[in-house]
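Summary of the model geometry
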Protein chains: 2
Amino acid sequence: MTPAQTNLVDTLRQRFGPKVVTTDAEDIAPWLTDWRGRYRGAAPALLSPGSTEEVAAIVALAAAAGVPIVPQGGNTGMVGGATPPIDGSALLLSTRRMNRIRSMLPQSNLAVAEAGVILSNLHAAAGEVGRRFPLSLGAKGSATIGGLVSTNAGGVQVLRFGTMRSLVAGVEAVLPDGSVHDGLVPLKKDNRGYDLTQLLIGAEGTLGIVTAATLRLYPAIVQRAAAWVGVESPHRALELLRMLEAQTDTIESFEVIPAETLGHVLAHVPGTRSPLDGAHAWHVLIESVATDPAAEAPGALLERLLMPAFEAGLAEDAVISASEAQVEAFWNLRDSISGAERALGPAMQHDISVPVDDMPRFLIEGAAATERAFPGTHASGFGHLGDGNVHFHVRAPDGADAESWYAGEGHAISSFVYDMVVAAGGSISAEHGIGQMKRDELERLSAPSRIAALRAIKGAFDPHNILNPGKLVSLAPGPRTP
Amino acid sequence: MTPAQTNLVDTLRQRFGPKVVTTDAEDIAPWLTDWRGRYRGAAPALLSPGSTEEVAAIVALAAAAGVPIVPQGGNTGMVGGATPPIDGSALLLSTRRMNRIRSMLPQSNLAVAEAGVILSNLHAAAGEVGRRFPLSLGAKGSATIGGLVSTNAGGVQVLRFGTMRSLVAGVEAVLPDGSVHDGLVPLKKDNRGYDLTQLLIGAEGTLGIVTAATLRLYPAIVQRAAAWVGVESPHRALELLRMLEAQTDTIESFEVIPAETLGHVLAHVPGTRSPLDGAHAWHVLIESVATDPAAEAPGALLERLLMPAFEAGLAEDAVISASEAQVEAFWNLRDSISGAERALGPAMQHDISVPVDDMPRFLIEGAAATERAFPGTHASGFGHLGDGNVHFHVRAPDGADAESWYAGEGHAISSFVYDMVVAAGGSISAEHGIGQMKRDELERLSAPSRIAALRAIKGAFDPHNILNPGKLVSLAPGPRTP
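What you see as residue numbers is a count from 1 along each chain, following the sequence as written. Lettering of chains starts at A and numbering of ligands starts at 1, both following the order in which they are written. With the structure being a predicted model, the display of local features is reserved for residues of pLDDT at least 70 and the display and counting of side-chain atom pairs for 80 or more, all residues being used for whole-chain, interface and lining totals. Excluding hydrogens and water, the side-chain values take into account all heavy atoms of the structure.

As named in an unreviewed UniProt entry, chain A is 2-hydroxyacid dehydrogenase, taken from Sphingomonas hengshuiensis. UniProt positions are given in the numbering used here, feature names are shortened, and annotations may be inferred rather than shown by experiment. According to the UniProt record, the Cofactor (unreviewed entry) comment for chain A reads "FAD". Recorded under Sequence similarities (unreviewed entry), the UniProt text for chain A is reproduced unchanged: "Belongs to the FAD-binding oxidoreductase/transferase type 4 family."

Right, dumping it as structure tokens:
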């Protein structure tokens, strides 16, 4: 520890006690690496405040001491955004003890949750009052509200409900000088200058530590159904989506999967079978839900709406779930893709988005261009067509050594993919954020005015680089991190 | 003109010609005052660029010369945000020549409109392709897209569609150094750092000049109906709203009007009559729409949903429109309030919001407290209950002289009202923005950390105060403007 760190830790320990401050290496170790093990960091102390006031006091003292703080929620991020620097220059601050749901207001369809509330706990609490919080993702058992807000998380229901940004009605955060931004009161109309709440959403803890959020709730689902549809191409899939959207707003998910990808699942995941008998170049998984018991049943609705799709030649074949178990079986196929692909060898995975209208072309041409440029690789995309967001995977040639391929050709492939995304006007980070993983690529691929604006904002809020330094954007141009 | 201004205007004239640059006082005069005549300014030149490139070139040259620019759209603002400073230090830049709809994509439910496109023209263009842009307000025949984005405009459909912020899928803007923020591509998921588009929405032209926006379209309305309901109190009105919201998402407007206010309309506006025979303390105007010809007719839906409201004692009486003419007649009552109140003498009007749940209490207690504190005044609120946004009017005591009352007691009343709003966690500007009118009140009533953050952002983007100086927030604390 530097003298400044030692002083700070001593002061914090005296003030808040061992519950809030630990320097025990064993206690700290699990939080020094991201869950995929791709990033490693170091931190001489782990701070676990239990309230906004404690966070504010910690940040004020850290700012005065010039010691940076790295905030961390469930540590489920994909881009190393919550992993502290390897040089041990920063202290780690965990929000996990701030796990209270401060209020649950079903009448107003609002909940106020502290940063450390785990997503699945919020789901359960909303369910108990006949509501739901309609954002979900694989890590829901660990991911926290603070992290979800700070990364503007997406997930599988973005098509209908938008990302976290759409679901946040207010934010409370501790700013880099230790002052508290109190923006929890949900105002539907509020034009008092620049929207600080919007700025804090997706800022990855670099402008403030989100300590609580007011969140929008929706009526609970009473019934759902899924359709599995065989289509000729992603272009047809998009036409099908547009046709459905024009007639109903009950579609929550619209996932596309190429035949080859489905084949990997069927080959490698025991107990799976294809929902359709024949062969189709592309597959679509559609989920529709009902929140009103008196409304048309989602299965009947899907059947009715898919009929004209057959007549219009958009769908080749389809099966509609007859039970909740069958809905689960359909989703199991979709959710097993990453695991099945892992069995096939090393792959570069890209979380990208392009305009929805352009996604079918990108899927076909982008995969072909990648395979041409890197012979022996297999490129494919699957996922949320309706959001313009797909997981674009490029598998190494057979027999490639994982470590050396990732560092060599794999790295070059990612740059190639990101270049294509930028050429299509898209985003090199659809939902995972920038963190440390994509910071240099963001700088390489953005207009200088954009990077200048990001830097200006960071510099204005956090001139001494106290909060999550080195993530999202560097304060000044400098030597690239490897 | 200062020497710097003279040089700049000469350079601009040589480069762009008289179509873009005028110094003719008669041409400039109409744009030097806001439409209500409350603010007056001066400007030695009016610039009317026809393209984003021209705006960028103008701003770059102005920045180099240190001459500020005040952007102006339809000049329909309520807070003096588009009126140049009175000292003639800034040039006026009108976006009115940038009036192209660059693309209309009904399949994708998107339109790309330049800043100078007039709102009603966008409505018409969307209507031609079977879509609508669901934001409307009284000034729709003059208000422009650039101004609507820059003020995060609201209007009468916010209940269902949100403010402009919810309807903007992308923004193009010229930043204070003349660089172009190209954020028009509509990406549903994009986590590439701080959201600059969100920051530019509602920034009142102080961070950038919005030159175009990508806007969300919705299916055109095929039918609408309105209900006029008599209720006992705004509390009952809110319960009624919650009951309706739980059963349908077709409610576009939910306006509350106190009996006394309706009485003024009936007394002063020829040809009006009360929709209900009996006396009711409060009145509610509800509009429901259908976009699908096969859906339940809005009138039948309102009738069906209001039935249990009677049984629950929420509604005392109701009438449902039998024709489009009757819908118009209902709205005419609501739209005539401001005119009718003007006939009664001078009044202070406040555009405020509080949390929806607290609005009924605020309406009753806020009016009573104001009348107690300022004997002889009449206070009342009407408007968008579902948004937590009402127009809170306080009428002068009978016989008050308008000019001296506005400057004296009127001013004190506004501070009193804003103090109550802040105590309720509300906003002193629900939809009109800050401009020059509310800048000092915003500074007085905000947490210092909030004002510091606003200043930091302004300073980071526009350190030389080139764009719309003195609006929204001052760059540094200083002597208050009167």
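**A few points about the UniProt feature "domain: FAD-binding PCMH-type" (unreviewed entry) in chain A**
Here, the residues flagged by UniProt with the feature "domain: FAD-binding PCMH-type" (unreviewed entry) are residues 39-220 of chain A. The way it works is that DSSP assigns letters per residue, a run of H or I at least four long becomes a helix, a run of E at least two long becomes a strand, and they are numbered from the N terminus. Along residues 39-220 of chain A one finds 24% helix and 24% strand; the C-alpha atoms at either end are 38 Å apart.

**Overview of the pattern of salt bridges**
All names here are of chain A. Any Lys or Arg side-chain nitrogen located within 4 Å of an Asp or Glu carboxyl oxygen qualifies as a salt bridge. For the structure on display, the rule yields 48 salt bridges over all chains. Here Arg361 makes a salt bridge to Glu365, at a shortest N to O gap of 2.9 Å. Here Arg361 pairs with Glu365, and both are found in helix α14 (residues 359-373), just four residues apart, close to one helical turn. Burial here depends on accessible area, computed with a 1.4 Å probe over protein chains only, as a share of the maximum for the residue type. Under 20% is buried, over 50% is exposed, and the range in between is partly exposed. Note on Glu365: relative accessible area 45%, which makes it partly exposed. Residues participating in the shared-partner salt-bridge network are Arg100, Arg102, Glu114 and Glu172.

**A closer look at the packing of helix α14 (residues 359-373) of chain B against helix α15 (residues 402-423) of chain B**
All names here are of chain B. Note on definitions: angles span 0 to 180 degrees between N-to-C directions of axes, and those axes are lines fitted to C-alpha atoms, for helices only across the stretch in contact. Taken N-terminus to C-terminus, the directions of α14 and α15 make an angle of 145°; their axes are 11 Å apart at the nearest point. In terms of crossing hand, the pair formed by α14 and α15 is right-handed. Only Ile413, Phe416, Val417, Met420 and Val421 of α15 make contact with α14, whose side of the interface consists of Phe362, Gly366, Ala369, Thr370 and Ala373. Ten residues, namely Ala, Val, Leu, Ile, Met, Phe, Trp, Tyr, Cys and Pro, are considered nonpolar, four, namely Asp, Glu, Lys and Arg, are considered charged, and the remaining ones, Gly among them, are considered polar. Among the residues making up the contact of α14 with α15, the classes are represented as eight nonpolar, two polar and no charged. Crossing handedness is read from the near helix: turned anticlockwise from the far helix by less than a right angle, it gives a left-handed crossing, and turned clockwise, a right-handed one. Residue contacts follow a heavy-atom distance rule, with two residues in contact if any of their heavy atoms lie within 4.5 Å.

**Details of the relation of the copies chain A and chain B**
The two copies are related by a screw motion: chain A maps onto chain B through a turn of 180° and a shift of 0.0 Å along the axis, at an RMSD of 0.0 Å. Such a turn and shift between the copies fits a two-fold axis. By residue overlap, the copies meet face to face through one surface: 100% of the interface positions of chain A are interface positions in chain B. All copies are superposed by least squares; the fitting set is the C-alpha atoms of residues with a pLDDT of at least 70 in both.

**With respect to the interface of chain A and chain B**
Listed by partner, the interface residues are 63 residues for chain A and 63 residues for chain B. Note on definitions: buried area is the accessible-area loss of two parts on being combined, 1.4 Å probe, summed for both. In total, chain A and chain B occlude about 5100 Å² of area from one another, counting both sides; carbon and sulfur atoms represent 56% of this. Remark: the boundary between chain A and chain B carries six salt bridges. Glu431 of chain B is the salt-bridge partner of Lys189 of chain A, the closest N and O atoms lying 2.9 Å from each other. Within 3.5 Å is the distance limit for a polar contact, defined as a pair of N or O atoms, with the added protein rule that one can donate a hydrogen and the other accept it, and that residues adjacent in sequence qualify only through two side-chain atoms. At the surface where chain A touches chain B, the tally comes to 36 residue pairs in polar contact (both at pLDDT 80 or more). Among the secondary structure elements, those contributing two or more residues to the side of chain A that touches chain B are α6 (158-161), β9 (180-183), α8 (196-200) and α17 (448-461) of chain A.

**Structural notes on the sheet that holds strand β2 (residues 46-47) of chain B**
All names here are of chain B. DSSP bridges decide pairing: two strands pair if at least two such bridges lie between them. Read across the open sheet, the four strands follow the order β1-β2-β4-β3; overall the sheet is mixed. Where the open sheet ends on each side, the last strands, each with one partner, are β1 (21-22) and β3 (69-72). Two elements, β3 and strand β4 (residues 91-94), share four bridges in a ladder whose sense is parallel. Considered in β4, the bridge of Val70 is made with Leu92.

**Brief notes about the domain arrangement of chain A**
All domain edges in this entry derive from an automatic or database-based domain assignment. What the domain assignment lists for chain A is domain 1 (3-94), domain 2 (101-219), domain 3 (223-338) and domain 4 (345-423). Of note, the centres of domain 1 of chain A and domain 4 of chain A, computed from C-alpha atoms alone, are 36 Å apart.

**Considering helix α3 (residues 52-65) of chain B**
All names here are of chain B. Take the number of residues in a helix, subtract one, and multiply by 1.5 Å to get its expected span. With 14 residues, α3 ought to run about 20 Å at 1.5 Å a step, and its terminal C-alpha atoms sit 20 Å apart, in line with that. Along α3, the residues that are buried comprise Thr52, Val55, Ala56, Ala57, Ile58, Val59 and Ala62. Two residues or fewer after α3 comes Gly66, characterised by a positive phi angle close to 70°.

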